[in-house]
Amino acid sequence: MKTKYKGVLYIINSALFFSLMNTFVRLSGELPSIQKSFFRNFIAMIFAFILLLKSKDSFKWKDGNLKYLLLRAGFGTIGVLCNFYAVDHLVLSDASMLNKMSPFFAIVFSYLILKEKANFVQWGSVIVAFLGSLLIIKPTLSNMDLIPSLIGLTGGLCAGIAYTMVRVLGQHGENKGYIVFFFSAFSCLVTLPYLIFNFTPMSISQVIYLLLAGTCACIAQFSITTAYCYAPAKEVSIYDYSQIVFSAIVGYAIFNQVPDFLSILGYVVICCVALLMFIYNNKVKDKESAS
């Protein structure tokens, strides 16, 4: 039970720091999402590089894994860019919730890519969660936030594909630290040409905010990794949705943002579906263990 509680605390800590990351990204002001992404991933790359050096692990991918690493890095980069754009243009909790659609998209792409069959309950959860996201997006021509909302949802979709590739790489025995390093380095290389030719000058405060965003992202990633070392996903994954609570509190306290009724209803729908999936997966795994 002690290890489970530690796992819960670490995943809540991760949710808090991911929320703070989004906050600092927004506080950095009117900067291109690509420029913000570079700073966030540069710090993550340095952090992962140091960890790999200390562990004396190889900086070479395993045979056959390069295409999956590229897919993980490519879709992960698009996901980060879309998320940062949504964070800059939407209520903070809306952007966070649309990004949290990634686990449901992962079910779809696990079926399409890995041929992992999903049952009626899992497909039902995907459909209901998507309907919940429509309450946040509010797809009408009169909604001024429609485009940023669709971009935020696209970020969740790309993250779902990226997480599917991480699963493939895990099955192929790739080092987790190397996956993080490859993704971060790839993102920096892809966004570097834009910075060279279209760099937007930054104030000292903007640089500090972006450095803080990158630092928070590293702490969050370390915390979520530690959480899953202490306890299995079925016991702690639902607590990751606490990020929505943190984002709503920070959004109100710092940016005076208040989600509308439909958005709150969307949060409730998606969180309830996530909770039901959490309970369902626990029961399935308990039956498998008993048998």
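The following refers to the structure shown. (Residues numbered from 1 in each chain as written. Predicted model: local features only at pLDDT ≥ 70, side-chain atom pairs only at ≥ 80, totals over all residues. Heavy atoms only, no water.)

## Section: the side chain of Lys 138
Stage number 1. Mapped onto the secondary structure, Lys 138 falls in the loop between α6 (120-137) and α7 (146-171).
Stage number 2. Reaching out from Lys 138, the side chain makes a polar contact with the backbone oxygen of Ile 136 at a distance of 3.0 Å.
Stage number 3. Within the structure, Lys 138 has its side chain in polar contact with the side chain of Ser 263 (distance 3.0 Å). (Helix = DSSP H or I, 4+ residues; strand = E, 2+ residues; numbered from the N terminus. Polar contact = N/O pair within 3.5 Å; in protein donor to acceptor, adjacent residues only side chain to side chain.)

## Thoughts on the environment of Asn 13
Stage number 1. Structurally, the position occupied by Asn 13 is in helix α1 (residues 2-27).
Stage number 2. Along the backbone, Asn 13 and Val 284 are 271 residues apart, and their C-alpha atoms lie at a distance of 28 Å.
Stage number 3. Here Asn 13 is in contact with Ile 219 and Ser 223, once residues within four sequence places are set aside. (Contact = heavy atoms within 4.5 Å.)

## Comments concerning the state of the cysteines
Stage number 1. Scanning all chains against the criterion turns up zero disulfides.
Stage number 2. Residue Cys 158 stays outside any disulfide, its sulfur separated by 5.5 Å from that of Cys 82, the closest cysteine.
Stage number 3. Note on Cys 158: relative accessible area 6%, which makes it buried.
Stage number 4. With no disulfide of its own, Cys 272 lies closest to Cys 271 among cysteine sulfurs, the gap being 7.2 Å. (Disulfide = S-S within 2.5 Å. Buried < 20%, exposed > 50% of the residue type's maximum accessible area, 1.4 Å probe, protein only.)

## Some remarks on the nonpolar core
Stage number 1. Residues Met 21, Met 101, Phe 104 and Ile 270 are the most contacted members of the largest nonpolar core, which totals 64 residues.
Stage number 2. In terms of residue count, the dominant contributor to this core is helix α8 (residues 176-198) (eight residues).
Stage number 3. Met 21 has contacts with Arg 40, Asn 83, Phe 84, Ala 213, Cys 216 and Ala 217, leaving out every residue within four places of it along the chain. (Core = buried A, V, L, I, M, F, W, Y, C linked by side-chain atoms within 4.5 Å.)

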